[in-house]
Amino acid sequence: MKKTITSHDLKNLVNEAHAQVKDLKGGKNANYIPFLDKIDSNLFGISVCLPSGEIIEAGDTNYVFGIESVSKVYTAILVLRQYGAQAVLDKIGADATGLPFNSIMAILLENDHPSTPLVNAGAISADSMVKPVGNSDAKWKAITDNMRELSGSDLTLLDELYKSESETNFNNRSIAWLLKNFNRIYDDPDMSLDLYTRQCSMGVTAKQLSIAACTIANNGLNPVTKQQVFDPSLSPKITSLIATVGFYEHTGDWLYTSGVPAKSGVGGGVLGVIPGLFGIAAFAPPLDEAGNSVKAQAAIKYIAQRLNVNVFGGDYVEVIN
Ligand SMILES: NC(=O)CC[C@H](N)C(=O)O
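Per chain, the residues get numbers from 1 upward, laid out in the order the sequence is written. Only residues with pLDDT of 70 or above have their local features reported here, since the model is predicted, and side-chain atom pairs are shown and tallied only from 80 upward, although totals for entire chains, interfaces and linings are computed over all residues. Hydrogens and water are ignored here; the side-chain numbers use all heavy atoms of the structure.

Caption draft 1: Looking closely at the site of the ligand. Nearness here has a simple test: a residue counts as near a molecule or strand if at least one of its heavy atoms is within 4 Å of that partner. Around the ligand, the surrounding shell consists of Tyr32, Glu68, Ser69, Phe101, Asn120, Glu165, Asn172, Tyr196, Cys200, Tyr248, Gly265 and Val266. Contact between the ligand and Glu68: a nitrogen atom at 2.6 Å from a side-chain N or O atom of the residue. Taking Tyr196, its side chain carries an N or O atom lying 2.7 Å from an oxygen atom of the ligand. Side-chain classes are defined by residue name, with Ala, Val, Leu, Ile, Met, Phe, Trp, Tyr, Cys and Pro counting as nonpolar, Asp, Glu, Lys and Arg as charged, and the others, Gly among them, as polar. Across the shell around the ligand, the residue classes break down as six nonpolar, four polar and two charged. Any N or O atom pair separated by 3.5 Å or less is treated as a polar contact, with the protein-specific requirement of one donor-capable and one acceptor-capable atom, and with residues adjacent in sequence counted only for side-chain atom pairs.

Next comes the structure, spelled out in structure tokens:
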């Protein structure tokens, strides 16, 4: 069935979702990265970006927080742009792990395969693939240029977060070298790990995340800058990766209850994609036990359910002025 909603109604709905969810209790800040533990737990923002470029926001949508694992979506897009869909499938994979984001067991169970670019192993592997291989500075430029193109403006490195994470990323160091052992690292392992740690330490706003989400929903065309960032054929690929593993071991429960392909980060951000309709992002630091923001989940679910948008449903929803 086709349904329409005005952008005015959508604005009211986003405000309503913010008011309903803002006092929700539960979850706690990530504490395995000391920097994240210190962030104000009450921060909360929701941003929706439409293919027209209109942005509808409520709360702390301009607060710069650690992008963390949402950055995996960006680098997955970069290697899809550089290598194409088949090579990413062959070199990394596109499978759900059903296990925590930093699982070493997942690498062993997948028979030496990193599974997907949206868990730590696959993301470190993706960073190793970024061209030009062997040149850390040029790779970093490619990573940050791609971030800017997707979000429509520069993301900035949070130096303190980068330091905090570099000093405590022992598990990720093991992953990088285990992947090397299985020939799934396509550049220097320590360099690949460092690029991964740095990309996770980029600061982003909910507004920027919603623009990147809409670029994915909008077949690679950034709705704000009007740049065609990637080939439209890659949009379903990236959305399927997000749907498959975006919430790690909670991904199935999340998809079943929300119908929204979405990717979380331990900084408290979530990026959600409704193909053809909009990109949505929410941010609030307290996380559930799988590392997904409690309030961001509640807010996105609230909005999706009220609009009846669900990628597995048959309704076609259109936002009009
Ligand atoms: N889920 C996340 O956001 C984890 C990202 C974090 N940088 C890590 O490697 O542990």
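From this point, the narrative continues.
Caption draft 2: Focus on the sheet that holds strand β3 (residues 55–59). Being paired, for any two strands, means DSSP has found at least two bridges between them. The helix and strand labels rest on DSSP assignments: H or I over at least four residues marks a helix, E over at least two residues marks a strand, and numbering proceeds from the N terminus. If you trace the five strands from one edge of the open sheet to the other, you get β3-β2-β9-β8-β7, paired in antiparallel fashion. Only two strands of the sheet have a single neighbouring strand rather than two, namely β3 and β7 (262–264). If you compare each strand with its neighbour and ignore which way they point, the axes differ by 10° on average. Judged from the six bridges that link them, strand β8 (residues 269–274) and strand β9 (residues 278–283) form a sheet pairing that is antiparallel. Bridge pairing links Ile274 to Phe278 in β9. All axes here are fitted lines through C-alpha atoms, helices being fitted over the stretch that makes contact, and every angle between N-to-C directions spans 0 to 180 degrees.

Caption draft 3: Spotlight on the pairing of strand β2 (residues 45–49). β2 sits mainly inside the fold: five of its five residues count as buried. Buried means the residue's accessible area, taken with a 1.4 Å probe over protein chains only, is under 20% of the maximum for its type, while exposed means over 50%, and partly exposed covers the values in between. The two faces of β2 match: Gly45, Ser47 and Cys49 on one face and Ile46 and Val48 on the other face are all buried. Strand direction decides the pairing type here: β2 and β3, joined by five bridges, are antiparallel. Looking at the pairing, Ser47 lines up with Glu57 of β3.

Caption draft 4: Representation of the environment of Ile33. Relative to the helices and strands, Ile33 is located in the loop between α1 (7–21) and α2 (34–37). Sequence separation between Ile33 and Tyr83 is 50 residues; the distance between their C-alpha atoms is 32 Å.

Caption draft 5: Summary view of the UniProt feature "binding site: substrate" (unreviewed entry) in the protein. UniProt positions are given in the numbering used here, feature names are shortened, and annotations may be inferred rather than shown by experiment. UniProt tags Ser69, Asn120, Glu165, Asn172, Tyr196, Tyr248 and Val266 as "binding site: substrate" (unreviewed entry). The residue Asn172 is located in helix α9 (residues 170–181) in this model. Accessibility expressed as a relative area gives 9% for Asn172, which makes it buried. Any two residues having at least one pair of non-hydrogen atoms within 4.5 Å are treated as being in contact. Once you skip the residues sitting within four places of it in the chain, Asn172 turns out to touch Asn102, Asn120, Ile124, Leu193 and Tyr196. Along the chain, the position of Tyr248 falls in the loop between α12 (235–245) and α13 (251–258). Among the residues examined, Tyr248 registers a relative accessible area of 3% and is labelled buried. Dropping the residues within four chain positions of it, Tyr248 is found in contact with Ser69, Lys72, Leu99, Phe101, Leu118, Val119, Lys263, Ser264, Ala290 and Asn292. Among the polar contacts listed, one links the side chain of Tyr248 to the side chain of Ser69, at a separation of 3.0 Å.

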